[in-house]
Amino acid sequence: MTPTTLFDKIWDAHVVHQVERGPNVLYIDKHFIHEVTSPVAFLGLDKRNLKVSRPEKTIATPDHNVPTIDQHLPIKDQLSRNQVDQLTKNCEKHNIQLCGLNHPWHGIVHVIGPELGITQPGMTIVCGDSHTSTHGAFGAVAFGIGTSEVEMVLASQCILQPKPKKMRITVDGKLKKGVASKDIILYIISKIGTAGGTGHFIEYAGSAIRELSMEGRMTICNMSIESGARGGLIAPDETTFTYIEGREMAPKGEMWDKKLAYWKTLKSDEGAVFDKEYTFDASDIEPMITFGTNPGMGLKISQPIPDPQNLPPNSRQTFEKSLNYMGFKPGDKMIGKEVDYVFVGSCTNGRIEDLREVANFVKGKKKADNITAWIVPGSRQVEEQARKEGITNILEGAGFQLRQPGCSACLAMNDDKIPAGKYAVSTSNRNFEGRQGPGARTLLASPLVAAAVAIKGKIVDPRENF
Amino acid sequence: MPIDKFKTLQSTAVPMPIENVDTDQIIPARFLKAIERKDFDKNLFRDWRYDKNDQPKPDFVLNDSTYSGKILVAGENFGSGSSREHAAWALYDYGFRVIVSSFFADIFKNNALNNGLLPVQISAEFLEKLFIAIQKDPGTLIEVNLETEKIILLANGDNESFEINPYKKECLIKGYDDIDYLLSLKDKIQEFEQNLM
């Protein structure tokens with residue numbers, strides 16, 4: 001038999017039909033929806049007088065719009081409230097499970113899927129959100145889709161999709177102290193660029209990836225889209241199985257045994273061919289930070305901003321526009337730059353391990369006076385766990401504002417916005433112009449870097465000076 | 001809902017030689033709160049197009065009356081980032097029917113095609129030619145012919161072929177819609193479900 005990649009095994013097992021000279025009709029095992037990208041899809045169903053084909057395979061949560069304080073009160077912003085209410089109505093009408101505000105399972109869609117055991121190896125998973133790639137950490141083919149495609153899934157449990165090419169990124173070796181999974185992915189994107197993965201599905205492999213926890217793996221897969229990739233996945237192993245076992249929606253009893261036997265077959269065969277391969281040395285990775293307005297504009301925190309002199313004219317112009325927006329110059333050192341906000345949260349780094357990492361660092365310290373520090377758990381369960389472990393007290397003691405679950409300042413769609421011109425070190429995934437608020441300047445980094453910046457009030461290498 | 005048919009288009013073009021235009025620029029998240037597809041074009045390129053007092057920024061190309069047309073010619077890697085289909089809706093409802101670039105992000109490309117907005121991917125060299133031609137003469141007419149898969153500078157006949165998936169091409173030319181197609185496969189899908197573990 002021809003050696004096959006993990007991606008091919010999962011994808012091919014879900015092809016219902018191959019359109020002649022066209023896309024695949026791909027069956028979807030799990031469909032997550034949220035309030036922003038689903039309403040027009042439901043309207044489409046109504047116009048055609050259609051029901052949701054398999055309501056039990058869709059699960060909903062409002063996350064983008066929700067305020068992160070006073071969640072027990074009605075949402076003040078009328079448009080946001082309207083969108084969240086519409087999601088509730090659509091779920092009621094179509095019999096879809098909703099983890100609404102104040103539900104014990106509420107949270108960011110890509111945080112609750114894994115923590116509830118909904119996300120499982122071998123599945124096809126989609127959501128009208130580009131960070132759906134997060135679920136690939138479990139060895140699932142998971143990717144973001146548009147609203148027309150959300151409607152396709154609601155109507156038929158399938159989507160039409162051209163099959164992407166395959167890429168493998170291997171990270172071998174041992175990570176240095178103070179280097180986290182966020183640094184790995186920022187490093188990878190700084191090397192291959194924001195379009196380096198376009199048209200491809202990435203499999204992350206190598207000893208440095210294997211040694212990561214499930215949450216670390218989720219951070220890596222989450223940002224696959226920032227390299228342009230359709231998605232990213234990691235072969236499931238004991239770490240994966242241990243994480244899933246016992247969770248609310250995980251298979252139980254005989255079904256668990258059956259599934260587990262199947263999951264253990266899910267890996268790329270020896271000799272499987274990828275369209276593109278990259279290999280990186282884990283020991284070359286340092287704590288990373290971005291300096292520009294796309295996630296590919298990242299560097300080792302100790303390095304200066306590069307000079308765009310040798311870029312082609314349009315690229316140079318784009319680079320200069322970006323630095324101009326950020327208020328930086330080529331050659332500037334990142335270390336020592338003053339910062340105004342620190343945001344820890346999002347589907348990239350809003351999980352319990354991220355909160356633990358920050359708490360561990362700031363314990364017994366105080367944030368700098370010039371810093372506003374927000375820490376936003378990815379879900380109610382993360383929030384509860386943090387309280388139980390005493391993390392909440394530590395963070396509040398250090399001057400962090402602990403907020404309620406939601407996408408928060410990652411995308412400035414709710415009340416949490418970074419003011420124009422201010423600098424925010426953020427554990428989220430995008431540093432696009434205005435992403436965290438009109439005129440806001442975002443520097444992406446790991447939770448550890450964010451914690452160190454909060455304490456010092458300026459960009460600092462978390463491995464030094466403490 | 002069937003999409004508008006597309007066969008061929010002749011139009012002037014709007015040049016935007018910026019690379020990596022992400023969907024947060026095309027339409028920022030704070031303008032995605034509607035529950036129906038309405039008025040997204042008003043906030044197309046919002047923060048590039050208007051200042052903080054909602055006044056048009058004169059140096060932004062959409063506010064420059066020199067340029068107009070149904071074709072947007074943009075720098076490499078157009079449509080990266082968020083999967084928001086609102087980006088495709090905003091561009092379409094503003095009046096664009098074709099986006100030309102040397103590279104498109106995957107999700108944006110799918111979203112555009114699903115709305116009858118044609119993404120035309122060409123070489124970096126031809127893209128540069130288009131930018132130069134439009135800058136020299138903003139009245140430059142460009143033809144995008146979906147049937148022959150060609151983009152042509154009408155003034156001198158300079159042209160390049162572009163690729164499009166044959167299935168999507170047929171959908172665009174005939175105005176077909178994917179949902180109708182998927183619904184026609186109902187039996188096949190049910191048969192597939194029988195064999196699911």
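Note that the structure is a prediction, hence the values are computed from the model and not measured.

### Observations concerning the overall build of chain A
1) Next: Along chain A, the regular secondary structure elements total 16 helices and 19 strands.
2) Next: Taken against the 2.2 N^0.38 rule, which gives 23 Å for 466 residues, the C-alpha radius of gyration of chain A at 21 Å falls within 12% of a compact globule.
3) Next: Taken over the C-alpha atoms alone, chain A extends approximately 55 × 55 × 45 Å along its principal axes.
4) Next: Scored against the burial criterion, the 466 residues of chain A give a buried share of 65%.
5) Next: When contacts within chain A are restricted to residue pairs at least 6 apart in sequence, long-range pairs at least 24 apart make up 77% of them.

### Comments concerning the sheet that holds strand S7 (residues 141–144) of chain A
Backbone-to-backbone hydrogen bonds pair the strands of a sheet. The strands run either parallel or antiparallel.
Residue and element names in this part refer to chain A.
1) Next: Within the open sheet, the five strands sit side by side as S5-S4-S3-S6-S7. Their pairing is parallel. If you trace the sheet from one side to the other, it starts and ends with strand S5 (97–98) and S7, each paired once.
2) Next: Bridge count for strand S4 (residues 58–60) against S5 is two bridges, and the pairing is parallel. Bridged to Ala 60 within S5 is Leu 98.

### Here's the deal with the domain arrangement of chain A
Residues and elements named next belong to chain A.
1) Next: When its domains are assigned, chain A resolves into domain 1 (1–286) and domain 2 (301–456).
2) Next: Averaged C-alpha coordinates put domain 1 and domain 2 at centres separated by 24 Å.
3) Next: Taken residue by residue, the interface counts 42 residues in domain 1 and 36 residues in domain 2.
4) Next: Roughly 3,000 Å² of surface becomes buried between domain 1 and domain 2 when both sides are summed, with 52% attributable to carbon and sulfur atoms.
5) Next: There are one salt bridge connecting domain 1 and domain 2.

### Looking at the nonpolar core
1) Next: Formed by 112 residues in total, the largest nonpolar core has its most connected members in Phe45(B), Phe78(B), Leu91(B) and Leu118(B).
2) Next: Domain assignment of the residues forming this core places at least three in each of domain 1 (1–286) and domain 2 (301–456) of chain A.
3) Next: Those residues within four positions of Leu91(B) in sequence are excluded, and the remaining contacts are Ile26(B), Leu44(B), Phe45(B), Leu72(B), Phe78(B), Phe96(B), Ile99(B), Phe108(B) and Leu117(B).
4) Next: Phe7(A), Leu154(A), Leu186(A) and Ile189(A) belong to the second largest nonpolar core, which has 79 residues in total.

### A short note on the environment of Lys276(A)
1) Next: Within the fold, Lys276(A) resides in strand S12 (residues 276–281).
2) Next: Other than its neighbours up to four places away in sequence, Lys276(A) contacts Lys166(A), Met167(A), Arg168(A) and His200(A).

### Quick word on the packing of aromatic side chains
1) Next: Overall, the coordinates contain 21 aromatic pairs over all chains when judged by the stated rule.
2) Next: With a centroid separation of 5.4 Å and 90 degrees between ring planes, the pair formed by Trp256(A) and Trp263(A) is classed as edge-to-face. The same class applies to Trp256(A) and to Trp263(A), which are both buried.
3) Next: An aromatic cluster is defined as three or more aromatic residues linked by ring pairs; in this entry it consists of Phe7(A), Trp11(A), Phe143(A) and Phe201(A).
4) Next: The ring of Trp374(A) carries Arg403(A) above its face, with NZ or CZ at 5.1 Å from the centroid.
5) Next: Between Arg97(B) and the ring centre of Tyr92(B), over which it is positioned, the NZ or CZ distance is 3.7 Å.

### What to know about the environment of Leu9(B)
1) Next: Examined against the element boundaries, Leu9(B) turns out to sit in strand S1 (residues 8–11).
2) Next: Separated by 36 residues in sequence, Leu9(B) and Phe45(B) place their C-alpha atoms 24 Å apart.

### Points about the interface of chain B and chain A
1) Next: Listed by partner, the interface residues are 55 residues for chain B and 72 residues for chain A.
2) Next: Carbon and sulfur atoms make up 60% of the area that chain B and chain A hide from each other, which totals about 5,200 Å².
3) Next: Where chain B touches chain A, the interface holds five salt bridges.
4) Next: Between Arg54(A) and Glu193(B) there is a salt bridge, with its nearest N and O atoms 2.6 Å apart.
5) Next: Linking chain B with chain A are 27 residue pairs in polar contact (both at pLDDT 80 or more).
6) Next: Mapped by element, the contributors of at least two residues to the side of chain B that touches chain A are helix H1 (23–26), helix H2 (46–49), helix H3 (86–94), helix H4 (106–113), helix H5 (124–136), helix H6 (166–174), helix H7 (178–183) and helix H8 (186–194) of chain B.
7) Next: Tallying contributions element by element places H7(B) first for the side of chain B that touches chain A, with six residues.

### Some words on the pairing of strand S6 (residues 124–127) of chain A
Residue and element names in this part refer to chain A.
1) Next: Of the two faces of S6, the one carrying Thr 124 and Val 126 and the one carrying Ile 125 and Cys 127 are both buried.
2) Next: With three bridges joining them, strand S3 (residues 30–33) and S6 adopt parallel strand pairing. What sits directly across from Lys 30, in S6, is Ile 125.
3) Next: Looking at chain direction, S6 and S7 are connected through four bridges and run parallel. In the strand pairing of S7, Cys 127 is matched with Gly 144.

### Observations concerning the packing of helix H13 (residues 352–362) of chain A against helix H14 (residues 380–388) of chain A
Residue and element names in this part refer to chain A.
1) Next: Running from N to C, H13 and H14 point in directions that differ by 35 degrees, and their axes come no closer than 9 Å. Crossing geometry of H13 relative to H14 is assigned as right-handed. Across the interface between the two elements, Ile 352, Leu 355 and Arg 356 of H13 pack against Val 382, Gln 385 and Ala 386 of H14.
2) Next: Residues that form the contact of H13 with H14 fall into these classes: four nonpolar, one polar and one charged.

### Some words on helix H10 (residues 253–263) of chain A
All names here are of chain A.
1) Next: By the burial criterion, the buried members of H10 are Trp 256, Lys 259, Leu 260 and Trp 263. Taken around the axis of H10, the buried residues stretch over an arc of 105 degrees, which confines them to a single face.
2) Next: Tucked inside the fold, the buried residues of H10 contact helix H9 (238–244).

### Comments concerning the state of the cysteines
Residue and element names in this part refer to chain A.
1) Next: Counting across every chain of the model gives zero disulfides over all chains.
2) Next: The thiol sulfur of Cys 221 is not disulfide-bonded, and the nearest other cysteine sulfur, from Cys 347, lies at 12 Å.
3) Next: A relative accessible area of 0% means that Cys 221 is categorised as buried.
4) Next: Here Cys 347 stays free of any disulfide, with the sulfur of Cys 410 as its closest cysteine sulfur at 6.1 Å.

Calculation notes
- Residue numbers here run from 1 along each chain, matching the order of that chain's written sequence.
- The order in which chains are written sets their letters, starting at A; the order in which ligands are written sets their numbers, starting at 1.
- Reporting in this predicted model follows two pLDDT cut-offs: at least 70 for local features of residues, and 80 or more for side-chain atom pairs to be given and counted; totals over whole chains, interfaces and linings ignore these cut-offs and use all residues.
- In computing side-chain properties, one takes all heavy atoms of the structure into account and sets aside hydrogens as well as water.
- Where helices and strands are cited, they refer to DSSP runs of H or I of at least four residues and of E of at least two residues respectively, numbered from the N terminus.
- Two things to know: the radius of gyration comes from C-alpha atoms, and the globule rule equals 2.2 Å times the number of residues to the power 0.38.
- The buried label applies to any residue whose accessible area, calculated with a 1.4 Å probe on protein chains only, is under 20% of its type's maximum; exposed applies above 50%, and partly exposed to all values in between.
- Note on contacts: a residue pair is in contact if any heavy atoms of the two residues lie within 4.5 Å.
- Think of it this way: DSSP has to see at least two bridges between two strands before they count as a pair.
- The split of the chain into domains comes from an automatic or database domain assignment.
- By buried area we mean how much accessible surface two parts lose on assembly, using a 1.4 Å probe and totalling the loss over both.
- Salt bridge criterion: a side-chain nitrogen from Lys or Arg within 4 Å of a carboxyl oxygen from Asp or Glu.
- Here, nonpolar core refers to any group of buried Ala, Val, Leu, Ile, Met, Phe, Trp, Tyr and Cys residues whose side-chain atoms link them within 4.5 Å.
- Aromatic contacts are taken between Phe, Tyr and Trp rings whose centres are within 6.5 Å, Trp giving its six-membered ring; a plane angle under 30 degrees counts as stacked, one over 60 as edge-to-face, and the others as tilted.
- A ring has a charge above it when a Lys NZ or an Arg CZ is no more than 6 Å from the ring centre and no more than 35 degrees off the ring normal.
- Here a polar contact is taken to be a pair of N or O atoms separated by no more than 3.5 Å, where protein atoms must pair a possible hydrogen donor with a possible acceptor and residues adjacent in sequence count only if both atoms sit in side chains.
- Axis lines are fitted to C-alpha atoms, over the contacting stretch for helices. Their N-to-C directions set the angle, which ranges from 0 to 180 degrees.
- Definitions for this section: a left-handed crossing has its near helix turned counterclockwise from the far helix by less than a right angle. A right-handed crossing has that turn clockwise.
- Residue classes follow a fixed rule: Ala, Val, Leu, Ile, Met, Phe, Trp, Tyr, Cys and Pro count as nonpolar, while Asp, Glu, Lys and Arg count as charged, and any other residue, Gly among them, counts as polar.
- Arc definition: it is the arc formed by the directions from the helix axis to the C-beta atoms.
- Criterion for a disulfide: a pair of cysteine sulfur atoms within 2.5 Å.

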